[in-house]
Amino acid sequence: KYIHIINKADMAASKGLKILVGCKRVIDYAVKVRVKPDRSGVVTEGVKHSMNPFDEIAVEEAVRMKEKKLAGEAVAISVGPPQSQETLRTALAMGIDRAIHVEIPLAQLEKLQPIHVSKLLAKVCESEKPDLVILGKQAIDDDCNQTGQMLAALLDWPQATFASKIEPSQDSKQLRVTREVDGGLETIDVSVPAVVTSDLRLNEPRYATLPNIMKAKKKPLAKMSPDQLGVDLQPRQEVISVEDPPVRKAGAKVESVEDLVGKLREKGLVK
Amino acid sequence: MQFIRPVLHSQVCTSARPSARQFLQKLGKSCSFSLNSSSTRLYSTEFFPINDELYGLTDEQKQLRQTIFQFCQKELAPKAQQIDAENDFKDIKKFWRQCGELGLLGVTAPTEYGGLGASYLDHAIVMEEMSRACAAVALSYGAHSNLCVNQIVRHGTDEQKSRYLPKLISGEWIGALAMSEPNAGSDVVSMTMRADKQSDGSYVLNGSKFWITNGPDADVIVVYAKTKPEAGAHGITTFLVERDSPGFSCSRKLDKLGMRGSNTGELVFDGVRVPADRVMGRLDGGVYVLMSGLDIERLLLSAGPLGIMQAACDTAFQYAHIRKAFGQSIGQFQLLQGKMADMYCRLTSGRCYVYSVTRALAQGSRQPMDCAGVILKCAEDATQSALDAIQILGGNGYINEYPAGRLLRDAKLYEIGAGTSEVRRLVIGRAINNIYKS
């Protein structure tokens, strides 16, 4: 195992890496999402929300790196409404040390986009100076898959997206990240500080135990505003409409390959 | 909320996040955006939501419910049907270990033995969510964590606690409690199992116990026997018996109507020698251990039928909104609206009663009347709600592919175990008589 060959002094100070983990509060995966009658968005009022599943994986990775002594401190951050604090409490209950909540007023929430979030995170990175930022690869509400990449660009840091494994590199001076790409797996070495986004197979998140849920209450949770960070939340895009996807029409069953080819010909799909 | 000292769980609980993971896998392993947003519509509301605001739960308790819900839905719920069909929970040892890692087997036990040092209400929440996933396994869980573990916590000497609690709480051992006998159920103090004192101070147990949950699997059993048969109820003593004691055996596993998978057995004690330091509580004072334990047992177990009622609502309400007849979903017809309303009110009022009494107990106030009342009400309501669930599912409710039938068979047990409904009514009636005694 690689643990015993790590020279801690190599890994950005003998105290271990400082990790910043992004958590987004999204509509729970199990909820049946409904489009608002005015087609301006989806119904969020009274709907169950929870932490974005990819962010749970990111939190778990940060906690594991702490347990392996690769990291010394893990900080969770969430950009969102007041209720994002619940999401941060879940992260704290999983083992994160402290949390930061960048509170977005309700009026601006619907128009918040990855460009804004990445700018806010970049500002926080300036003061927090983490060695590693781990974000979920995408959020299950907008599926943008942009924040991690934008953040790396703003900070001019290396990025390793869709990570399925994070470990120290051979010489222990960098991070070796295995990425899930269309063609298979790609392994790259990135120097710290860096931005990594978590993919599904990075790990399996733990359940928060009751003792940790109790402990989480005492962990620090700091609040910030976009104004304090000096970030302009002016939307760059305008959502014109949100609609249900077309209802899937019933198919027809065929008895044989000949039938199938015949039907395809009928529809003009094959010559 | 009392401060909880850090628990010695250094081991990471490697159990996975439940269906969220399957959801993500279904969305496509792709590293890019292959997300077909219509796939989110596959996941309709599978569970009837619980409004925790109604019950005055703390934030920690709400989070606890979330955690246990996810854990049980992933690790237990998918196996519930098979466990019922086979009358066996093959993975019980593995599941016990997972529960141990989460601290669930010793919710009310002190932290120095690996417990959570938490309240009866926390324990009830765990019991409820586990029962929602699989009532049979939850019953075994209740017998282990409350009937066995909690009794040792309340009455054991320091030596007994040190010897038994750590492994019971880590999940390495399974616990049970044995009071009923083939001829002594409701009239449990008429039990005939003898515990005869020997010249070296030890006791020899002779007799048999019946309907013992976890009996076939238990490593440690809290056993009640008569040290002074002529003194009737005041001749009972509590003993801690270990599985490998010579003369002890489980003669058979019972084939039950419901709670199949919660192994229940007949235990035979044929000259089982128990050392003197395995006496729990006062000699001949076992009836107090038994009766006070029964109150807490009834209270904690009443979360079992709560979970069953919740499961009935989960299954039936979803079905009623998917199944169509005469051009609309059947849930919109008045007669079914009525049924769903009744199921909802039984569930919600039951929860309020259970949570209130557990809170009172946590403050130190134990009322036998309410401990009996809570399980009396919830058990009978659960049976009724399970019947309603079957009816809402109609023909499908009668097929074992659907869970409604199992919910009914499981619910019925709670009207019998831990004191039958008749005994519970006696307890309450007599308590009321007492108030007016001149």
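The structure presented is a predicted model; accordingly, all values stated were derived computationally and were not measured.

S.K.: Tell me about the overall build of chain A, residues and numbers included.
M.R.: Check the secondary structure of chain A and you find eight helices and eleven strands. With respect to the three principal axes, the spread of C-alpha positions in chain A is 70 × 45 × 40 Å. Among the 271 residues that make up chain A, the fraction classed as buried is 46%. Here the analysis covers contacts within chain A between residues at least 6 apart in sequence; of these, 71% occur between residues at least 24 apart. Here chain A has roughly 13,900 Å² of accessible surface; of this, 51% comes from carbon and sulfur atoms. Across chain A, the mean location of the 41 positive side-chain charges is 3 Å away from that of the 38 negative side-chain charges.

S.K.: With reference to specific residues and values, describe unusual backbone geometry.
M.R.: In this model, Val192 of chain A is joined to Pro193 of chain A through a cis peptide bond whose omega is 5°. Structurally, Pro193 of chain A can be placed in the loop between β9 (184–190) and β10 (194–198). The residue Asn87 of chain B is not glycine, and still its phi comes out positive at about 55°. By the secondary structure assignment, Asn87 of chain B is in the loop between α3 (80–86) and α4 (92–101). Classification of Asn87 of chain B as buried rests on a relative accessible area of 10%. Backbone geometry places Met259 of chain B, a non-glycine residue, at a positive phi of 50°. By the secondary structure assignment, Met259 of chain B is in the loop between β6 (248–253) and β7 (264–274). Judged by relative accessible area, which is 1%, Met259 of chain B ranks as buried.

S.K.: Give a detailed account of the UniProt feature "domain: Acyl-CoA oxidase/dehydrogenase middle" (unreviewed entry) in chain B, specifying residues and quantitative values.
M.R.: Mapped onto this structure's residue numbering, the UniProt feature "domain: Acyl-CoA oxidase/dehydrogenase middle" (unreviewed entry) falls at residues 176–272 of chain B. What you have in residues 176–272 of chain B is 0% helix and 48% strand, and the ends, taken at the C-alpha atoms, are 17 Å apart.

S.K.: Break down the UniProt feature "binding site: substrate" (unreviewed entry) in chain B for me, with residues and values.
M.R.: All names here are of chain B. What UniProt calls "binding site: substrate" (unreviewed entry) maps, in this numbering, to Ser186, Tyr288, Asp295, Ile296, Glu297, Arg298, Ala418 and Gly419. Mapped onto the elements of the fold, Asp295 is located in helix α8 (residues 286–301). For Asp295, a relative accessible area of 6% translates into the label buried. Assessed through its relative accessible area of 4%, Ile296 is described here as buried. Dropping the residues within four chain positions of it, Ile296 is found in contact with Tyr120, Asn146, Asn150, Arg154, Leu361 and Arg366.

S.K.: Account for the confidence of the model for chain B, naming residues and giving values.
M.R.: Residue and element names in this part refer to chain B. A residue-level look at chain B finds 91% of positions with pLDDT of 70 or above and a mean pLDDT of 90. Here helix α1 (residues 19–26) is the element of chain B with the lowest mean pLDDT, 69, and helix α12 (residues 404–413) is the one with the highest, 98. Taken together, the stretch residues 1–18 has pLDDT below 50 and engages in 55 contacts with residues farther than four places along the chain or on a different chain. The ipTM value of the predicted complex is 0.72, and its pTM value is 0.84.

S.K.: Got a sec to walk through helix α7 (residues 158–170) of chain B? Specific residues and values, please.
M.R.: Residues and elements named next belong to chain B. In a regular helix each residue adds 1.5 Å, so 13 residues correspond to 18 Å; α7 covers 18 Å between its end C-alpha atoms and thus fits that length. Residue Tyr164 marks the point of greatest curvature in α7, where the axis turns by about 35°; the proline Pro166 follows within four residues. What α7 keeps buried is the set Gln160, Lys161, Tyr164, Leu165, Leu168 and Ile169. On its buried face, α7 sits against α4, α6 (135–155), β1 (175–178), β4 (220–226), β5 (236–242) and β8 (279–280). Trailing α7 by a residue or two, Gly171 shows a phi angle of about 95°, which is positive.

Procedures and definitions
- Residues numbered from 1 in each chain as written.
- Chains lettered and ligands numbered in written order.
- Predicted model: local features only at pLDDT ≥ 70, side-chain atom pairs only at ≥ 80, totals over all residues.
- Heavy atoms only, no water.
- Helix = DSSP H or I, 4+ residues; strand = E, 2+ residues; numbered from the N terminus.
- Buried < 20%, exposed > 50% of the residue type's maximum accessible area, 1.4 Å probe, protein only.
- Contact = heavy atoms within 4.5 Å.
- Areas by Shrake-Rupley, 256 points an atom, 1.4 Å probe, with all protein chains shown as cover.
- Lys, Arg positive; Asp, Glu negative; His and termini not counted.
- Charge placed at Lys NZ, Arg CZ, Asp CG, Glu CD.
- UniProt positions renumbered as here; feature names shortened; annotations may be inferred.
- pLDDT = per-residue confidence, 0-100.
- Expected span 1.5 Å × (residues − 1).
- Bend = angle between axes of the 7 residues up to and from the residue.

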